[in-house]
Every structure is written in structure tokens, then in C-alpha cells.
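In case you want the letters, here they are:
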Amino acid sequence: AMADGVRVAFVGCGNIARYHATAALKAGGVTITALIDPNAKAREQLAEFLQHEAADAQALQQFDTLKEAVTADPDFELFNAVDIMVPSFVVDGADLHELVATEALRARRHVLLEKPVTTHPEAAVRLDALHREVAPDRVLAVAENAQFWPEVLAVKASLDRGDIGELLTVRVKAWESATGEWAIDYAEGGWRCDESKLPSASFTFDSASHWIRPLRMWMGRASRVVGVTGKSIKHMAGVSFSQHIITFQSSKSAVFETMLAPKAISDQPFFVLQGSLGEIVVEGFGGGCTLHTLCPETDKPVSRELCREGWNASYVGEYADFVSAVSNGTPTKGPLSEALADLRVVQALINSGEQGAWVDID
């Protein structure tokens, strides 16, 4: 049976790896077989976490580099897929995501690559061309879990049913507290405080795609953006809060905010969609998505919950999609082309803030 399953090596054992590990175990059809990270302590901590989470966890092989792991596994017995979770920045002039994904594809492994796909669109375009050239029969999926966020999918279904009539506009607020469960990422002295790690060190650059992808799923192609960007956390590099207007090819528009709050911030909606007949509100990380309309008979307001699964459920859908793509050959719903479209919007947000002007999205 081992020969048919998805055997995945984790490349990069930081914070996000635990979310992916939990999702992989819940999704099923996949075994985590190797941990790759130059930081032995990070590998050990993840190995302990996996032993604790999975009763039948086999002994994980550990390596410093992907090259070392590939050399040790010429027959794909140990791993036929990689989950690349190294930070997305440029090292010695090379884009780290492009570099590691290229190495994996050349080694004929299926690839799940964490977002942002690359630091600049040019690198993503090169990676796409390389994938088609050296490993077109291998999966290359970019991990944008918002594509599989149950609340986001519930909104899409509701819009398709016409529950709120014509969609007029969407208000987005991507918020988080720097003291929350990702606090370690935002602490002083970390890589996000290093100007040389821009643009990815920026909270807004790094996380905006989670809120851009749903907008694109609901509203179609984004065309222009204008807004302001700023710093809510002085010790961090780059933009950590922003306020923009995004217009779409449909001529609709959305208000888009990001805020990494230094300390306290209340639990508040991520998305509010206003339509001609009603409104849909998507709550924060804990989940919840409510439809507000008027009762046809009485014209009194009625509300109905459409979904309450939450952010973490999105990682399970993402992993199930990747496993299905590898095992059954079904096209992934997370292709590089979608991640590239997100990246172009995010880059335009940052550029508009710097230029103080409307920016066209390629």
C-alpha cells in the first residue's frame, strides 16, 4: 500500500508546519515521512509534536537540506511529495521559494508550496515555466488555504443562489493581534524585523492573499487599487496596516483593510458583503457566516447561519485537495496561476501605498 500513498517530506519546520501536520492527519491518505530543516531544534520539536498527534507515527527521517534527502531517496520510497514551508524571501539574489520548488520538481517530486508563492511575480512565472518543462506530470499546488475556507465556500454558494441579489460591494478587514497565536512571528529580533527580508517580512504583504483570494472568488478579476499603507508595529519591517479601495473588471469595488494590532483588538468580521437584497457577514478566525435578509411576507429582518467551521478547517481542505491531485490526478484548486494573480494584487496594494496613486493590476 505504501507505494500508492502520498509520502510527504516537510521542508521547513517552523510555525506553519504544525498547522499543515494537523491538516494532513485529518485529511488522510498521506504520511509524513521526513523533516527537512537546517535547524535541528525546529525538526526535533515538530517530530515530538507529530509523535504526540499521530498514534501510528513512524520514525521520521531528518535532513538538513532537500538535496541531502533526495540523494538518500533515489527510488522515491521515503517521499514522493514535498510540502515547502521555508520563508519566502530572497537569499543571495535567489528567491528561496523558487529555488527549493525548482529543486523538488527537478527531483520529480509533487510540490505543495506555501504562499506567498514567490517574492516577485517574475519568479513565479519562471517557476511555472520550469514546472511545465521538467515535471508536467507532477503536481505543483500553492498553499492558499483561503480557497478551501468553509465560510468562504458557503458565501460563494450563497452568491450563486442569489440569496442577497446583486452583489454591490464587499468590505474586508484582515485583522490579527501581534500577541495572538502567531506572536512568535512578530516578536522583536525575528526575521520579520529584518529589512533585507522585505517584502515578505511585511505583515500585509505576507498575509493579504488570504483575504484577496476570497474577494477574487466572489468578485472576479481585480483591475485597479488605491490606498495608504503604514506601520502599526515599529520594530517590524514593512507595512503592517493598510486601507485600500480595489476595483474589479465587473466595475464593482471593495474596501480592503489590513491591521496587525500591537496589543488588543476585538473579535470582528473579516468580510461584509452587501447585496441588493441583503448582507452576508463572515466572522473572524473562530468561524461563522450569517445571511441577513428580509422576510418576503412580513419585510422583517431575518438572519440565518450558513456555516460555522472556522479558519483552521481550511487547512484540511487544502491538504485533501493536494492528496487528491497526487493520488487521483484531479487538477488542484490551488494552481500557481491563482497564487500569481493574488501576488499581483498584493504587490499593487503595496505599490499604491508607496506611490500615493491608483495602480493598475497586471
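Here is a short report on the structure shown in this document. Being a predicted model, the structure only gives us computed values, none of them experimental.

Looking only at helices and strands, one finds 11 helices and 17 strands in the chain. With the C-alpha coordinates aligned to their principal axes, the bounding extent of the chain is approximately 65 × 45 × 40 Å. Looking at the chain as a whole, 53% of its 362 residues are labelled buried. When the accessible surface of the chain is summed, it comes to about 15800 Å², and 52% of that surface belongs to carbon and sulfur atoms.

Looking now at the pairing of strand β12 (residues 253-261). Judged from the 9 bridges that link them, strand β9 (residues 167-177) and β12 form a sheet pairing that is parallel. Paired with valine 172 across the two strands is phenylalanine 256, which belongs to β12. Hairpin connection from strand β11 (residues 241-248) to β12: 4 residues lie between these consecutive antiparallel strands, with serine 251 at a positive phi of about 75°.

Let us now look at the side chain of aspartate 83. Mapping aspartate 83 onto the fold places it in strand β4 (residues 81-84). Within the buried set, aspartate 83 has no salt-bridge partner at all; the shortest N-O distance to an opposite charge, 12 Å, is to lysine 115. Polar side-chain contacts of aspartate 83 include one of 2.7 Å to the side chain of histidine 20. Ignoring anything within four residues of it in the chain, the contact list for aspartate 83 reads Val8, Ala9, Phe10, Val11, His20, Leu112 and Tyr319.

Here we come to the side chain of serine 314. Here serine 314 is to be found in helix α10 (residues 313-328). Given the relative accessible area of 0%, serine 314 is considered buried. Within the structure, serine 314 has its side chain in polar contact with the backbone oxygen of tryptophan 311 (distance 2.5 Å). Sequence-distant contacts of serine 314, that is, excluding residues within four places in its chain, are made with Asn145, Phe148, Trp149 and Pro150.

Taken as a whole and assessed by the stated rule, the structure comprises 2 cavities of 30 Å³ or more. Size it by volume and the largest cavity reaches roughly 60 Å³. Around the largest cavity, the lining residues are Lys115, Pro116, Val117, Val142, Glu144, Phe205, Ser209, Arg213, Ala339, Asp342, Leu343 and Val346. Within the residue set of the lining of the largest cavity, elements represented by two or more residues are α9 (209-219) and α11 (336-355). With 4 residues, the top contributor of residues to the lining of the largest cavity is α11. Here the lining of the largest cavity is composed, by residue class, of 7 nonpolar, 1 polar and 4 charged.

It is worth spelling out the sheet that holds strand β3 (residues 61-63) at this point. Strands in a sheet are paired, the pairing made by backbone hydrogen bonds, and the direction either parallel or antiparallel. Taking strand neighbours across the sheet as the criterion, the 6 strands line up as β3-β2-β1-β4-β7-β8 in an open arrangement whose pairing is parallel. This sheet does not close on itself; its edge strands, each paired only once, are β3 and β8 (140-143). Strand after strand, the sheet turns through a mean of 25° between neighbouring axes, direction not considered. The sheet contact formed by strand β1 (residues 6-11) and β4 spans 4 bridges and is parallel. Bridge pairing links valine 11 to isoleucine 84 in β4. Together, β1, β4, β7 (110-114) and β8 form the strand contacts of helix α4 (residues 96-106), whose direction differs from that of β7 by roughly 170°.

Time to look at the environment of proline 301. In this fold, proline 301 is placed in strand β16 (residues 301-307). Between the C-alpha atoms of proline 301 and glycine 278, which are 23 residues apart in sequence, the distance is 9.3 Å. Among all residues touching proline 301, those that are not within four sequence positions of it are Thr293 and Leu294.

With that settled, consider the sheet that holds strand β10 (residues 222-230). Taking strand neighbours across the sheet as the criterion, the 9 strands line up as β16-β15-β14-β13-β9-β12-β11-β10-β17 in an open arrangement whose pairing is mixed. Edge positions in the open sheet fall to β16 and β17 (359-360), since each of these has one partner strand only. Note: β10 against β11, 8 bridges, orientation antiparallel. Of the residues in β11, the one forming a bridge with threonine 229 is serine 242. Along the sheet, α9 contacts β9, β11, β12 and β13 (271-275); its crossing angle with β9, the most-contacted strand, is approximately 170°.

By size, the foremost hydrophobic cluster in this structure holds 112 residues, and its most contacted members are Phe10, Ile84, Trp218, Ile246, Phe271 and Leu273. Top contributing element to this core by residue count: α11, with 9 residues. Not counting residues up to four positions away in its chain, the partners in contact with isoleucine 246 are Ile212, Leu215, Ala222, Arg224, Val225, Lys252, Ser253, Ala254, Phe256, Val345 and Leu349.

Reading guide: rules and limits
Residues numbered from 1 in each chain as written. Predicted model: local features only at pLDDT ≥ 70, side-chain atom pairs only at ≥ 80, totals over all residues. Heavy atoms only, no water. Helix = DSSP H or I, 4+ residues; strand = E, 2+ residues; numbered from the N terminus. Buried < 20%, exposed > 50% of the residue type's maximum accessible area, 1.4 Å probe, protein only. Areas by Shrake-Rupley, 256 points an atom, 1.4 Å probe, with all protein chains shown as cover. Pairing = 2+ DSSP bridges. Lys, Arg positive; Asp, Glu negative; His and termini not counted. Salt bridge = Lys/Arg side-chain N within 4 Å of Asp/Glu carboxyl O. Polar contact = N/O pair within 3.5 Å; in protein donor to acceptor, adjacent residues only side chain to side chain. Contact = heavy atoms within 4.5 Å. 1 Å grid on protein atoms, 1.4 Å probe; cavity = no way out; pocket = protein on both sides within 12 Å on 5 of 7 lines; lining within 4 Å. Points joined across faces, edges and corners; volume = space filled by probe spheres on them. Nonpolar A, V, L, I, M, F, W, Y, C, P; charged D, E, K, R; others polar. Axes fitted to C-alpha atoms, helices over the stretch in contact; angles between N-to-C directions. Core = buried A, V, L, I, M, F, W, Y, C linked by side-chain atoms within 4.5 Å.

From the geometry alone we can't say anything about function, so treat these as descriptive.
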